[in-house]
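Survey of secondary and tertiary structure
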Amino acid sequence: MKIGLIGLGDIAKKAYLPVLSEKEGIELVLCTRNAETLNALATKYRIQEKVQSVEELIATNIDAAFVSTATEAHFEITEKLLQNGINVYIDKPISLNFHETERIVQLAKESGKIAMVGFNRRFIPKVRELREHGNPSFLLMQKNRYALPDYTRRFVVEDFIHVVDTLRYLMDTKVQDVKVQYLKKDDLLHHLVVQLIGEECTAVGIMNRDGGVTEEIIEYSAGHHKYVVNSLVETTHYHNKEVSLSSFGDWEPTLYKRGFYDLVDHFIHCVENGTTPDPSIEDSLVTHEICERIVGMIE
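Read on for a plain summary of the structure. Every value quoted in this text rests on a predicted model; they were computed, and no experiment measured them.

Counting its regular elements, the chain contains ten helices and 15 strands. Taken against the 2.2 N^0.38 rule, which gives 19 Å for 299 residues, the C-alpha radius of gyration of the chain at 20 Å falls within 12% of a compact globule. Projected onto its principal axes, the C-alpha positions of the chain cover 60 × 45 × 35 Å. For the chain, the proportion of its 299 residues judged to be buried stands at 52%. If the 33 positive side-chain charges of the chain are averaged to one point and the 45 negative ones to another, these points end up 2 Å apart.

Put simply, the largest pocket is a space of about 930 Å³. For the largest pocket, the lining is made up of 35 residues, of which I11, R121, K143, R145 and H162 are closest to its centre. It is helix α1 (residues 10–22) that provides the largest number of residues to the lining of the largest pocket, a total of five residues. Here the residues of the lining of the largest pocket are counted per class, giving eight nonpolar, twelve polar and 15 charged. Size it by volume and the second largest pocket reaches roughly 400 Å³. Considering the residues around the second largest pocket, the lining is formed by 18 residues, among which R33, V54, T69, A73 and I77 are closest to the centre. Put simply, the parts of the chain that give the lining of the second largest pocket at least two residues each are α3 (54–59) and α4 (74–83). Broken down by element, the residue count for the lining of the second largest pocket peaks at three residues, all from α4.

The next point concerns helix α2 (residues 35–44). Every buried residue of α2 is accounted for by T37, L38, L41 and A42. On an axial view of α2, the arc spanned by its buried residues comes to 125°, and they lie on one face. In α2, the exposed residues that point more than 90 degrees away from the buried face are E36, T43 and K44. Residues of α2 that are buried make contact with α1, β2 (27–31) and β3 (49–51). The N-cap residue of α2 is N34: its side-chain oxygen and the backbone nitrogen of E36 are 3.1 Å apart. R46, located one to two residues past α2, shows a positive phi value of around 55°.

With that out of the way, let us pick up the packing of aromatic side chains. Think of a pair of aromatic rings as described by two things: how far the centres are apart, and how the planes are tilted against each other in angle. Considering all chains together, one arrives at seven aromatic pairs under this definition. An angle of 45° between the planes, with centres 5.9 Å apart, marks the rings of Y16 and F66 as tilted. One end of the pair, Y16, is in helix α1; the other, F66, is in strand β4 (residues 64–67), and 50 residues separate them in sequence. Using a relative accessible area of 0% as the deciding quantity, one classes F66 as buried. Residues Y16 and Y89 carry aromatic rings whose centres are separated by 5.4 Å and whose planes lie at 70° to one another, so their mutual orientation is edge-to-face. With Y16 in helix α1 and Y89 in strand β5 (residues 87–91), this pair connects stretches of sequence that are 73 residues apart. One aromatic cluster is present, built from ring pairs that chain together Y16, F66, Y89, F260 and F267.

Time to look at the packing of α4 against helix α5 (residues 98–111). In the contact formed by α4 and α5, the axes pass within 10 Å of each other and the chain directions differ by 10°. The pairing of α4 with α5 is recorded here as roughly parallel in orientation. Counting all contacts with α4, which are made through F75, T78, E79, L82 and Q83, the residues of α5 involved are E100, R103, I104, L107, A108 and S111. Of the residues contributing to the contact of α4 with α5, the split by class is five nonpolar, three polar and three charged.

Here strand β12 (residues 215–222) runs beside strand β13 (residues 225–230); their pairing, made up of six bridges, is antiparallel. Paired with A222 across the two strands is H225, which belongs to β13. The antiparallel pairing of β12 with β13 creates a hairpin that spans two residues between the two strands, and G223 there sits at a positive phi of about 60°. Counted along the chain from β13 to the antiparallel partner strand β14 (residues 234–239), the turn is three residues long, and its residue S231 has a positive phi close to 55°.

So, about the packing of helix α7 (residues 152–171) against helix α10 (residues 281–298). Orientation of α7 relative to α10, taken along the N-to-C sense of each, is 130°, at an axis distance of 9 Å. On the basis of their axis angle, the class for α7 and α10 is oblique. Considering only the axes of α7 and α10, their crossing is right-handed. Taking contact as the criterion, the partners of T152, R153, V156, V157, F160, I161, V164, D165 and R168 in α7 are, on α10, D283, V286, T287, H288, I290, C291, E292, I294, V295 and I298.

Thresholds applied
Residues numbered from 1 in each chain as written. Predicted model: local features only at pLDDT ≥ 70, side-chain atom pairs only at ≥ 80, totals over all residues. Heavy atoms only, no water. Helix = DSSP H or I, 4+ residues; strand = E, 2+ residues; numbered from the N terminus. Rg over C-alpha atoms; globule rule 2.2 N^0.38 Å. Buried < 20%, exposed > 50% of the residue type's maximum accessible area, 1.4 Å probe, protein only. Lys, Arg positive; Asp, Glu negative; His and termini not counted. Charge placed at Lys NZ, Arg CZ, Asp CG, Glu CD. 1 Å grid on protein atoms, 1.4 Å probe; cavity = no way out; pocket = protein on both sides within 12 Å on 5 of 7 lines; lining within 4 Å. Points joined across faces, edges and corners; volume = space filled by probe spheres on them. Nonpolar A, V, L, I, M, F, W, Y, C, P; charged D, E, K, R; others polar. Arc of directions from axis to C-beta. Contact = heavy atoms within 4.5 Å. Polar contact = N/O pair within 3.5 Å; in protein donor to acceptor, adjacent residues only side chain to side chain. Phe/Tyr/Trp six-rings, centres within 6.5 Å; stacked < 30°, edge-to-face > 60°. Axes fitted to C-alpha atoms, helices over the stretch in contact; angles between N-to-C directions. Parallel < 35°, antiparallel > 145°, perpendicular 65-115°, else oblique. Pairing = 2+ DSSP bridges. Left-handed = near helix turned anticlockwise from the far one by under 90°.

As C-alpha cells, this is what we get:
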C-alpha cells in the first residue's frame, strides 16, 4: 500500500513518521513545502519518494494519506484528497470551522472513501482497559497545561476536543445535555469545566490552561470501584480500603503507550479491508458538534 504523510511538523516527527516507517508492506511518500525538512527526514528514514505539494502527492497514486499539517490547512487538503478518491486520516480536529467539518464528513460519505479522525486516546491501552470494568456512573478527566490561556475556539476545538471525545468514548452512551462553566479574561479562556450528562452517567471534563503543571488524569467510577489513570500510562485501582497499581513494563515503547501504533494499524486495516473505522467519521462529528456547542455557550 502506498501512503502519503502530509505535514512534517512536531506530531508527525514524534509519532506518525516513526510508526509508519516501521510498518512492513507500506510505501511511504513524504510531503511538505519545507525542502530542508523534507530532505532531512527522507534521508533519516531512508524514504525514496518525497514531494512538496498535495498535487504532486496525488500524482504518485497513493492509496491513503495522513494529514498532519497545521489545523488551518486541514480542510483544503482533505477536501482535495477525497475528491481525488484517496482515503484520509486527519489529525484532530477536522477543522476549526464547523461548516468545513460538516463538509468533509459529507464528502467522505459521497466519495465512498474512508475518513478517520486521529483521536489517539481511544487507542491508549490504559484508557481502553477502563471500559472492561463495566459502565461508569461518574467520570472525571483533567487535561491541564502550564500558563497557556488561548482564544476560545482554539482552546476548545483544538485541545479540549480530546477531553470531550475521551469522555464520550468512556461514557459509551448518548450525551443528553451539556453544562459549561469557565473563566475568561481579555478575550483569552483560562479554564473550562464541562459536564456531559448521559443516561445513568455524569462525565466532567476540566481544562486549566493557566495552572502550574501540564498533566492528564482520568477518574473512572464503576460499581464500588474507582480507577485513576495518571499521565495515560499508570492505573491505580481503589476498592474500599484496597489499593493496587498497574503500569507498563520498562521496555514498552512510548508510542504504544500513547496509542499511536494501534491507531495507525486500525486506519490501515480499514483501508485494506474497506471497513468502517471506529470511531467512524460520523461519530467524530458528534464530538465536533459538542465542542461547537461549548464554544457557542462561551461566546
